[in-house]
Structure formats: C-alpha cells, structure tokens
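Survey of secondary and tertiary structure
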Amino acid sequence: MIFQKDIETLPRKEIEAIQLERLKWVVKYCYDNVPLYHQRLTDCGVLDGAKIKQLSDIEYIPFTTKDDFRDNYPFGLVAADMKDIVRIHASSGTTGKPTTGVYTKEDLDIWSDCVARVACAGGVTPDDIIQISFGYGLFTGALGLHYGMEKLGATVIPASSGNTQKQLMMLRDWGVTGIVATPSYALYLSEAMKEAGYPLSDYSLRLGILGSEPCTVSMREQIENNFNIRVSDNYGMTELGGPGVSGDCEARDGMHFAEDHFLPEIIDTDTGKRLGEGEVGELVVTTLTRKGMPVLRYRTKDITKLDYQPCSCGRTHCRMAKTMGRTDDMLIIKGVNVFPTQIENILINIPDIAPHYMLYITRKNYRDSLEIKVEVINEALLDNYQMLDGLKKRIEAKLQSILGLRTKVTLVAPKTLERFQGKAKRIVDLRNQ
Amino acid sequence: MAIKQLSIFVENREGTLVTVTDAIAKAGVDIRAMSVADTNDFGIFRLIVTDIAKAKQALDDANAFVSVTEVVGVAVQDEPGALAKVVKILADNNINIEYMYAFITVSKQFAYVVLRVEDNAAAEKILTEHGITLVTEEDMAKL
Ligand SMILES: [Zn+2]
C-alpha cells in the first residue's frame, strides 16, 4: 500500500516542477521573515528568489549549519508568527543548548503525512497495533511516529521507553503487531523477551519501525531474529522537523525521500560542490513547505548517496542509501576518504571473524597506513595455516576493492579487542604523534 | 587410534609461548611434541601433551584460542632412512602429508613423529599394513 499514492508516484518531471515552485516560495519566505536568511540571501544575490530559475540554481544559496541553530537559539530561525506556532520540540544537544524545532498547525499536518508514508512503506496498515517505545517528551521521535501512525489509521499505544516487564506484558496481552523504538532499545527488549521465556507464539509482533540512531545490518538482523519480525529504517532529524524525511519501502533498497516537502542534495564535504546522482557525499536538505522553521540547504553531516532510478515498489521519490557515516567521523588516509562504517559493513559480512574491530592509522616517511585488527573466531581455521592466511588475504582484498585503499589486516584471538559500553572508540589515529 | 593435537593461535610469538607453556605446566601436564608455524603477523603452535583434556581446560582458562584435531602418531626406527620409508609409503598410496613434526622424547629404539593427513584412518591402515608402528594416546602418556 502507498499512503499518498498520487504524490508518491508522480513522474520525475512533475516532482521537479513542484520542487522548483516550492523552492522559490521558501526562498522568498525566508528572505521576508528570517533575519539570518535575509542577510545571506542579500549577500549572495539570490534575494527573494529572483535568481532561482531552475533547481540547480540552489547552489547560489549558502549552507545552513548546526552552528546557525546554536547561534540563533531558541527562536531566531522561526519564520512564522509565534501566535501561529502550536508545538515546540527540541533535541538534547550533546554540548550546550538543545536544538529547537517549532511547528505551525500546517507543519504538524504535513509532518504526520510524511510519517504515515514512512510507516505505510514499512508495512504498517490500519489493522496494526503499534507500541511506541520511544521516550516521549521533547524528542521528536515519539510524538512524530505517534501522530503519523494515527493518521495512517493504526492503533497507537504510547508506551514510552523503560519498564521492560510492562513493555513485554503489553506486547503479549494487547496483541501488539508493530513496535517503534531505537535499534538499541529494540535489541534490548528482544533479548529480554527471549529471557522472559514465553514462546514466540504468545506474541503477534510482525514488524518494527526503528529510528533516531543508526542501525547496522547485524543489529537489524539480530532484532529481526529475536522478535521474528521485519524491521524497516527511517531518517530524520530535529533540524528538519523530525522523522519522516525518508524511509524504507518493502524493497529496502534505499529510503524514499519525501521529495515534495524536502529537496535533497549531495555535496562534496570539502569543497561544497554539488555531486551527481549516485555519488557519495554529505546530504544537504532544504525544507520546501515548513512554515514554523524553514531551513535552506542544511548540512546534515550524514554521508550517503541518492538513487533516482524507479523502485520496484512503484514510488518515484528518490531513495537515500542508509547513512554510511558522519562527516565528523570521516578519515582521510593517503588522500582517500574512509568511513569507519564502510569498514564495519565489510567486516560484518565476512564469516569466521567477530563483529569487533579496531583501526590504527600511522604515518611513516610521510606515508599513511591503515591497520585493521579483527578477531578470528572459527577454531577450525587453526588446523591449517594456509586457511588463516587466506582469511587475512581475503579481508584485505575485500577492503581494497571497496575502499580503494591497501590495508593491513591483523588477526587476533577472540575476546581480545576492547568491548565498548557506550560510544565505541574503534579508531586510533597515531599520525600526529 | 589417532592422537589428539592442540592448535593454538599465536598473535605475538614470545608472549603466547610463555602463556601457553606456563598454563600447561601449572596444570601438571607434559608437552611431548611441539611445532610452530608463523610469519611476522601470526602463527599456530601445535602441541601433543600427556593429558589433552586438562591442557585444553588450562588454555581456555588462560584465554588462549585453541582447537583440538586428530593426527597420526608414528614410531619410526631410530636409524637412517626410516622416516623416508614412511613418507614413501604414504606418497605411493596418494596420501598427502599436510605437515609433520617430531616428538621431543625419543626412546632407545624409536623416534616419534606426528603426521597431519586428510584421512587419518586411511593413513593408519596403510602404515599398519606396511608394518609401521603407530603411537596411541596410551603410549604417549607412558613415553
Ligand atoms: Zn520503494
């Protein structure tokens, strides 16, 4: 099922026509109502949008960054009258003040449409009973999914997070068919469910809509196996209004972007130049319909690529690949851009090794080198030196074909690499020592 | 008939060697045969010991990465050409030796050799037919 079929299956030409019209609108709207944008649009000569003739003319407009949100905290980027604002969300900043997101009534309406599209694409139907195990509060995730699910017509249980036994009780007793949670909480709940000992047949769970933090393939598979469900991923952030920006369809071959409400671009992180279709770079997003807090060319710091080819599901909106990393995490080794998540995705798919690794970058005689330590876990390999050496060479070859970089793989014994509780620190860069 | 061999993953040669031999000594187990295959990066220690279960437990407790496989133990006359004869018998019967190494202990009459082949049973049968003495787990404990 496609939630807004007429919009989600529009021919590309028509999508672009809508985008151009809305881009002109949002540029003028920002120019007229937000001092920061007024100044910037004046400086770059775009003014109220007179210079925008085609979509690519967006490149004349300067980027908006996380710093702009911080510098204009809390309401400096609000374009609508405060009397028309009906909701304020915020994301907890890891440092300093939170980032605010403000919504008019119309914004909320569009937001629930976008989330309903994502939910529908992820397999949710009006017959489903959805337990929302995101923490409710300032965070956009819980209420975003809540209203989107209701709009779709599903039954919503606002469970919030915490109290594991109660979560499991509701899952069992109330015939819950879908769960919304962060990947890590879903994994935790699924393990707790196994420990609780009730047979899977006591549950009606069939799908999961995960979000608000990156989900690796191995994590997704573990959650799917433990719960015996199908999981889909979605993308969004407070700066862009929360979840609903893009989401997996049944093909799970990239997340469909709500292109009538958001204009995505991929840029080269270093030069800021727009990149072509399929090229990997930083995602930049312009909101096309938001009134409370519109954003022009927001640098998400997420690395991904866009695919405009038709999808087997019938939707025509472009697909964004699962994020490959954050520009903050990007390593430049021998002039090649490398993301730790790229390496992780390669290692996860190689049997005989554990999903733990460490990266060591060193410099000798002005030459960088990357060493990757992985734990070999298949003891059958110990019988034969050639098999162990072959494993090492296979990993090196795979890394070289994907990263375009020669690396040195070192096999180590199981359980010898550090295990991280919170944010993993798998990169040791020794080049400046 | 085959005897059990310990294969231990080696990350750093000196460190692992000390850990392994220490753990085995503390468990009161003797090493009968030993070989090391390594490069700069990693390697494999292979050991034949007097009590495999005890040694495996001690190594697991020491967090060593160990596997147990079966190999063929052969007693060869301690005289020139005796080992070559064993190798030839196997080669003539299309049995490929992946690797071999010698026991530390020798008796007056015999030297003992560990052979790794694909099919232990076939190798044992052929060797026995040619009058070669095989070493059993029990023999080893007595050596
Ligand atoms: Zn699709």
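Residues numbered from 1 in each chain as written. Chains lettered and ligands numbered in written order. Predicted model: local features only at pLDDT ≥ 70, side-chain atom pairs only at ≥ 80, totals over all residues. Heavy atoms only, no water.

1. Some thoughts on the overall build of chain A
Rule in force here: Think of it this way: any DSSP run of H or I at least four residues long counts as a helix, any run of E at least two long counts as a strand, and we number them from the N terminus. Between the two quantities, the radius of gyration covers C-alpha atoms and the globule rule is 2.2 Å times the number of residues to the power 0.38. Exposure categories follow from relative accessible area, calculated using a 1.4 Å probe and restricted to protein chains: below 20% of the type maximum is buried, above 50% is exposed, and the middle band is partly exposed.
Counting its secondary structure elements, chain A contains 11 helices and 21 strands. Scaling as 2.2 N^0.38, a compact globule of 433 residues should have a C-alpha radius of gyration of about 22 Å, and chain A matches this with 23 Å. Taking the principal axes of its C-alpha atoms as reference, chain A extends roughly 70 × 65 × 45 Å. Relative to its full complement of 433 residues, chain A shows a buried share of 53%.

2. A few points about helix α5 (residues 105-121) of chain A
Residues and elements named next belong to chain A. Cut-off, in case you're wondering: The span you would expect from a helix comes to 1.5 Å times its residue count less one.
Counted at 1.5 Å a residue, the expected span for α5 with its 17 residues is 24 Å, and the 25 Å between its end C-alpha atoms agrees. Burial analysis of α5 places 14 of its 17 residues in the buried class, the great majority of the element. Following α5 by one or two positions, glycine 123 adopts a phi angle in the positive range, close to 105°.

3. Brief notes about unusual backbone geometry
Residue and element names in this part refer to chain A. A cis amide bond, omega -5°, links tyrosine 73 with the succeeding residue proline 74. Here proline 74 lies in the loop between α4 (66-71) and β1 (85-91). The backbone of aspartate 352 shows a phi angle near 80°, a positive value even though the residue is not glycine. Structurally, aspartate 352 can be placed in the loop between α10 (340-348) and β18 (353-364).

4. So, the packing of aromatic side chains
What counts is decided by this rule: Each Phe, Tyr or Trp ring (for Trp, its six-membered ring) is paired with any other whose centre lies within 6.5 Å, and the angle between the two planes then decides the class: stacked below 30 degrees, edge-to-face above 60, tilted in between. Whether a charge lies above a ring is judged from NZ of Lys or CZ of Arg, which has to be within 6 Å of the ring centre and within 35 degrees of the ring normal.
Counted according to the given criterion, the structure contains 11 aromatic pairs over all chains. Ring plane angle 15° and centroid distance 4.8 Å describe the contact between tyrosine 103 of chain A and tryptophan 111 of chain A, whose orientation is recorded as stacked. Consider the rings of phenylalanine 9 of chain B and phenylalanine 42 of chain B, whose centres lie 6.1 Å apart with planes at 20°: the pair is stacked. Remark: phenylalanine 42 of chain B occurs in the loop between β2 (31-38) and β3 (43-49) and phenylalanine 9 of chain B occurs in strand β1 (residues 3-10); sequence separation between them is 33 residues. Residue phenylalanine 42 of chain B is classed as buried on the basis of its relative accessible area of 2%. Clustering of aromatic rings is evident, with ring pairs tying together Tyr385 of chain A together with Phe9, Phe42 and Phe65 of chain B. When the ring centre of tyrosine 103 of chain A is taken as origin, the NZ or CZ atom of arginine 290 of chain A, which lies over that ring, is 5.3 Å away. Over the face of the ring belonging to tyrosine 99 of chain B we find arginine 46 of chain B, whose NZ or CZ atom lies 3.9 Å from the ring centre.

5. Some thoughts on the domain arrangement of chain A
All names here are of chain A. To keep it simple, the criterion reads: Note: domain ranges come from an automatic or database domain assignment. For this analysis, residues touch if any pair of their heavy atoms sits within 4.5 Å. What gets called buried area is simply the loss in accessible area from a 1.4 Å probe that two parts show on being joined, summed for both. Salt bridge, as applied in this entry: a Lys or Arg side-chain nitrogen positioned within 4 Å of an Asp or Glu carboxyl oxygen.
Each assigned domain of chain A is listed with its residue range as follows: domain 1 (5-328) and domain 2 (333-429). The straight-line distance from the C-alpha centre of domain 1 to that of domain 2 is 33 Å. At the junction of the two partners, domain 1 supplies six residues and domain 2 supplies five residues. Around 540 Å² of area is buried between domain 1 and domain 2 when both sides are counted, 64% of it from carbon and sulfur atoms. Its largest share of buried area at the contact with domain 2, domain 1 owes to Thr216, Ser218 and Met324, together 54% of the area lost on that side. On inspection of domain 1 and its partner domain 2, the count reaches zero salt bridges.

6. Here's the deal with the packing of helix α2 (residues 12-33) of chain A against helix α3 (residues 35-43) of chain A
Residues and elements named next belong to chain A. The test is simple: Where helices are involved, their axes are fitted lines through C-alpha atoms of the stretch in contact, as for all axes, and angles between N-to-C directions lie from 0 to 180°. If an angle is under 35 degrees, it is roughly parallel; if it is over 145, roughly antiparallel; if it lies from 65 to 115, roughly perpendicular; otherwise it is oblique. What makes a crossing left-handed is the near helix being turned counterclockwise from the far one by less than a right angle; a clockwise turn instead makes it right-handed. For this classification, Asp, Glu, Lys and Arg are treated as charged, while Ala, Val, Leu, Ile, Met, Phe, Trp, Tyr, Cys and Pro are nonpolar and the rest, including Gly, are polar.
At a minimum axis separation of 6 Å, α2 and α3 run at an interaxial angle of 115°. Comparing the axis directions of α2 and α3 gives the class roughly perpendicular. In the crossing of α2 with α3, the sense of the turn from one axis to the other is left-handed. Within the contact between the two elements, α2 uses Val27, Cys30, Tyr31 and Asn33 and α3 uses Pro35, Tyr37, His38, Leu41 and Thr42. By residue class, the composition of the contact of α2 with α3 is six nonpolar, three polar and no charged.

7. Overview of the packing of α5 of chain A against helix α6 (residues 140-152) of chain A
Geometrically, a packed helix pair is captured by the angle between its two axes and the distance between the axes. Residue and element names in this part refer to chain A. Two elements in contact, α5 and α6, have axes whose closest approach is 7 Å; the angle formed by their N-to-C orientations is 75°. Classified by the interaxial angle, the pair formed by α5 and α6 is roughly perpendicular. Within the contact between the two elements, α5 uses Asp109, Trp111, Ser112, Asp113, Val115, Ala116, Ala119 and Cys120 and α6 uses Thr140, Gly144, Leu145, Tyr147, Gly148, Met149, Lys151 and Leu152. When its residues are assigned to classes, the contact of α5 with α6 shows nine nonpolar, four polar and three charged.

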